[in-house]
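# Tertiary structure, described
Listed below, chain by chain, are the residues.
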Amino acid sequence: MKWITILLLSVSILVKAQNAPKPYGALPSKRQLAWHDIEVYGLIHFTPTTFENKEWGFGDADPKTFNPTDFNAEQIIKAAKAGGLRGIILVAKHHDGFALWPTKTTAYNIMQSPFRGGKGDLVKEIEQAVRKNGLSFGVYCSPWDRNNAKYGTPEYLAIYQAQLKELYSNYGSLFMSWHDGANGGDGYYGGAKEKRSIDNTTYYDWNNTWAITRKMQPMANIFSDIGLDIRWVGNEDGNAAETSWETFTPLPPEGKNVAVPGQANYPQSPMGIRNGKFWMPAECDVPLRKGWFYHPTEKPKTPETLFDLYLKSVGRGAGLDLGLAPDTRGQLHEDDVAALKAFGDMVAHTFANNLAKTAQITASNSRGKTYGVSKILDANRNSYWATKDDVRTASIEIDLKATKTFDIISLQEYIPLGQRIEAYNIEIFENNSWKKVFDGTSIGAKRLIKLETPVSTTKVRVNITKSPVCITLSEFGIYKKRD
Ligand code: FUL
């Protein structure tokens, strides 16, 4: 009896596998798929630079200036969680070179500060609060180090790599290793106070440096302006382009023969590159306030602005990385806490109720039951509707069975099989005929369409008008924006 069950099971698995559409183009890795699920996360900047009220510390601040009066990791992380953030990246070392953990690699670190009597480890405290609250943790260790006397020599590269190794060893599994190529040249550099130019195409030896990341933190998505896993969106305003592809091919700038971080001059970054060589979705990094560090005169963005940024980042297949700036107490200001909570509520309340959940749905083509169109209403992004191999255009009709009022439409492709759809439109049934309300291009991991004014209708139609291969869609939803 047992072997018959096994046989039947393997036959059904085989049939399923045979029926699945073939993947198209560059595909996301396991670590990138995990990143797509996180959608919104935070980037914490809190170093002596906070106490100097600057954006870029010169590297000469006395370590004793790092003296938060009431540091509270739990307060910061709870506020982030209320904002709907599902991950936190801590700037473990910014350009000023001050390491927030007790490192062996530089004397310029938290042990020299009054924090916890010189016995503190801020990276650990944040990491523990992050994990306790069920968020993912990542680190940013700035390659440019304005304090280090060795900066500019090969010895510094070994120091930088040793810093990464410490961070990769002692703080559990990381979802991101965040890198940037910023380098303004001048700095304190152990007292030399001079300008040091490096050749950013070779100095950091990124291939070998990132081999350390891959080896020690295989689930850490490497972020920089050229990827490898996640690309910079090309601005710090928090939005991807209206048409936004998940794929990209970093090309060397003119006159250079390699593409490395720090070039940051890709006009294609906000929109990605259709049929790019790599799956390399965009991260939209934007501070909650004006600056990355806390400045008493600045205010956080309003919940409405944050919601709009959410639509223009997550809603365009990208990630939203929101800069969080603790004040000199070592906590988020109450205005920031309130803005995060209102933003988090807005997203949670808006998307709590898919008004198409109980709709009757039909498609002009389906690939059989496993890939039936009802899969796009099952609130499970791992199941999907697909058309037959030779069917590259199709329509879905959603009968809402009653009049529903909404102003947001959500679409998701089944991205493990690549980004396929290139054009589509959406219609609503009004006065006995179909009326087009949106014309779109890319979908990818998620597409959120905000209509200018809410519409009321009993039927919605999605027409996929262009795809190089058969179509997949994993989710569809209609929502009414709420506070
Ligand atoms: C940039 C840095 O220069 C800024 O200071 C900040 O850390 C931002 C997130 O990345 O490259």
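Please refer to the structure placed before this passage.
Estimated volume of the largest pocket: approximately 460 Å³. Forming the walls of the largest pocket are 28 residues, and the residues nearest its centre are Phe351, Ala379, Gln412, Lys446 and Tyr479. Contributing elements (two or more residues each) for the lining of the largest pocket: helix H9 (334-351), strand S15 (394-412) and strand S20 (475-479). Per-element tally for the lining of the largest pocket: the top contributor is H9, with five residues. Here the lining of the largest pocket is built from residues that sort into 12 nonpolar, nine polar and seven charged. Taken together, domain 1 (30-350) and domain 2 (360-479) each give at least three residues to the lining of the largest pocket, which thus spans both. Trp178, Asp180, Ala182, Glu236 and Asp285 are the residues nearest the centre of the second largest pocket, which is lined by 21 residues in total. Looking at the lining of the second largest pocket, its residues break down into nine nonpolar, seven polar and five charged.

Time to look at the site of the ligand. In the neighbourhood of the ligand, the contacting residues comprise Leu43, His45, Trp56, His94, His95, Tyr140, Trp178, Asp180, Ala182, Glu236 and Trp292. Histidine 45 places a side-chain nitrogen or oxygen 2.7 Å from an oxygen atom of the ligand. Tryptophan 56 is positioned such that a nitrogen or oxygen atom in its side chain is 3.0 Å from an oxygen atom of the ligand. Protein burial of the ligand: of its 290 Å² of free accessible surface, 90% is covered by the chains. Of the pockets mapped on this structure, the ligand occupies the second largest pocket.

Among the residues of helix H8 (residues 303-313), Leu306, Phe307, Leu309, Tyr310, Leu311 and Ser313 are the ones counted as buried. Its buried side turned inward, H8 meets strand S1 (40-44), strand S11 (282-287), strand S12 (319-324), H9, S15 and strand S18 (447-466).

Within strand S2 (residues 87-93), seven of the seven residues are buried, leaving the element largely enclosed by the surrounding structure. Of the pairings in the sheet, the one linking S1 to S2 comprises four bridges and is parallel in character. Paired with tyrosine 41 across the two strands is glycine 87, which belongs to S2. Across six bridges, S2 lies against strand S3 (residues 136-141) in parallel orientation.

Attention now moves to the sheet that holds S1. The eight strands lie next to each other as S1-S2-S3-S4-S7-S8-S11-S12, forming a closed barrel whose pairing is parallel. Across the sheet, the mean angle separating the axes of adjacent strands is 25° when strand polarity is ignored. Of the pairings in the sheet, the one linking S3 to strand S4 (residues 176-178) comprises three bridges and is parallel in character. From the neighbouring strand, glycine 138 faces S4, where its bridge partner is methionine 176.

With that settled, the discussion passes to the nonpolar core. Buried together is how nonpolar side chains tend to be arranged in soluble globular proteins. Counting residues in each nonpolar core, the largest one holds 71 residues, and the members touching the most others are Ile88, Leu122 and Ile126. The element contributing the most residues to this core is helix H6 (residues 154-170), with seven residues. Each residue touching leucine 122, except ones within four places of it in the same chain, is listed here: Phe46, Phe66, Phe71, Leu90, Leu100, Ile110 and Phe115.

Attention shifts here to unusual backbone geometry. Excluding glycine, residues mostly have negative phi values, and the peptide bonds linking residues are mostly trans. In the segment running from glycine 227 into leucine 228, the intervening peptide bond is cis, with an omega of 5°. Here leucine 228 lies in the loop between strand S7 (221-224) and strand S8 (230-232). In this structure, glutamate 39 is a non-glycine residue whose phi angle is positive, near 60°. Structurally, glutamate 39 can be placed in the loop between helix H2 (30-38) and S1. Despite not being glycine, arginine 116 has its phi angle at roughly 50°, a positive value. Residue placement: arginine 116 occurs in the loop between S2 and helix H5 (122-132). Residue arginine 116 is classed as partly exposed on the basis of its relative accessible area, which comes to 44%.

Definitions and cut-offs
Residues numbered from 1 in each chain as written. Predicted model: local features only at pLDDT ≥ 70, side-chain atom pairs only at ≥ 80, totals over all residues. Heavy atoms only, no water. 1 Å grid on protein atoms, 1.4 Å probe; cavity = no way out; pocket = protein on both sides within 12 Å on 5 of 7 lines; lining within 4 Å. Points joined across faces, edges and corners; volume = space filled by probe spheres on them. Helix = DSSP H or I, 4+ residues; strand = E, 2+ residues; numbered from the N terminus. Nonpolar A, V, L, I, M, F, W, Y, C, P; charged D, E, K, R; others polar. Domains from an automatic or database assignment. Near = heavy atom within 4 Å. Polar contact = N/O pair within 3.5 Å; in protein donor to acceptor, adjacent residues only side chain to side chain. Areas by Shrake-Rupley, 256 points an atom, 1.4 Å probe, with all protein chains shown as cover. Sits in = over half its atoms within 2 Å of the grid points. Buried < 20%, exposed > 50% of the residue type's maximum accessible area, 1.4 Å probe, protein only. Contact = heavy atoms within 4.5 Å. Pairing = 2+ DSSP bridges. Axes fitted to C-alpha atoms, helices over the stretch in contact; angles between N-to-C directions. Core = buried A, V, L, I, M, F, W, Y, C linked by side-chain atoms within 4.5 Å.

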